[in-house]
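Each chain, letter by letter, is given below.
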Amino acid sequence: MLSHFVGMAVVRRPPASLSSSAALHRRPPLPRPVFSYPRSLFSFSSPLGKTRICCSAQRQALFNRIAPIYDDLNDLLSLGLHRSWKRMCISWSGAKKGDRALDLCCGSGDLTFLLSQKVGLQGEVCGLDFSREQLSIASVRQDLYWKASYQNIQWIEGDALNLPFPDCYFDAITMGYGLRNLVDRQKALREIFRVLKPGSKVSILDFNKSTSNLVNTAQEWMLDKVVVPVASNYGLSQEYEYLKGSIAEFLTGKELEKLVDEIGFSKARHYEIGGGFMGNLVATK
């Protein structure tokens, strides 16, 4: 079991005395995550000098603040398209029934829940994030949208740069909108490489740093004229201004492919999706 390696991870199981249908309505409240691991520093510089995020404590505070409305804003700002992009990410991960899978920077759990359904009751899924508020919301959603397979999920507050798992442990790994924010992307990818089984894949979804001036201009317009103004209606304009700087400091698809190749992955391909606004890196160990 995963808990053998992470000690304080919380495992959710429906009471053994309840049937599946009864468990759907009578499952006890989920405890808030209380486990933690060391957090890593990260930073990026905004070309406009705005909303510079300098350390993990600031980033953690940022994601804790936006946690209550994070899912609603994702739906609103992407017109629901983020759900299709996430299903594509899961498909590219190669996860299948009975697999042990990891969702890094899991946030409120969208990819984690999709992985859970993919690997089924015979599989195991770990959702790891360093925002306790995001994990708490993921836990609530686990109860609210309960499916039988969700009992295979464990939530861990942890560090993507120092994963608390043994070598060659996972059959599939996903990461949604997390790699862009890490200070040491190479270290994060080395950790992914370490815990991934030979022949298995990692699928990483994020904003795309396009080489097309047209796409970049359209992306900047969306951020300036749509994303930040909408976020400001929730009192979170400063929290969402960081996006533009983080994308500017991110890697292009070709640069990501080169990076994972240098780390030792046998195959890598970056797909531009969502009209070039999003990208998905798929790498095989």
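So, here's what we can say about the structure. (Residues numbered from 1 in each chain as written. Predicted model: local features only at pLDDT ≥ 70, side-chain atom pairs only at ≥ 80, totals over all residues. Heavy atoms only, no water.)

1. Regarding the overall build of the protein chain
Next up, step 1: In terms of helices and strands, the protein chain carries eleven helices and eight strands.
Next up, step 2: Contacts in the protein chain between residues far apart in sequence, at least 24 positions, make up 74% of those at least 6 positions apart. (Helix = DSSP H or I, 4+ residues; strand = E, 2+ residues; numbered from the N terminus. Contact = heavy atoms within 4.5 Å.)

2. Description of unusual backbone geometry
Next up, step 1: One non-glycine residue with positive phi stands out, namely Cys105, at about 50°.
Next up, step 2: The backbone of Tyr177 sits at a positive phi, close to 55°, despite the residue not being glycine.
Next up, step 3: Since its relative accessible area comes to 15%, Tyr177 is described here as buried. (Buried < 20%, exposed > 50% of the residue type's maximum accessible area, 1.4 Å probe, protein only.)

3. Observations regarding empty space enclosed by the protein
Next up, step 1: A full pass over the atoms with the stated rule returns three cavities of 30 Å³ or more.
Next up, step 2: Of the voids in this model, the second largest cavity is the one considered here, and its volume is about 40 Å³.
Next up, step 3: Ile204, Asp206, Phe207, Phe250, Leu256, His270, Gly279, Asn280 and Leu281 together form the lining of the second largest cavity.
Next up, step 4: For the lining of the second largest cavity, the secondary-structure elements that each account for two or more residues are β6 (196-207) and β8 (278-284).
Next up, step 5: Among the residues making up the lining of the second largest cavity, the classes are represented as five nonpolar, three polar and one charged. (1 Å grid on protein atoms, 1.4 Å probe; cavity = no way out; pocket = protein on both sides within 12 Å on 5 of 7 lines; lining within 4 Å. Points joined across faces, edges and corners; volume = space filled by probe spheres on them. Nonpolar A, V, L, I, M, F, W, Y, C, P; charged D, E, K, R; others polar.)

So yeah, pure geometry; function would need other evidence.
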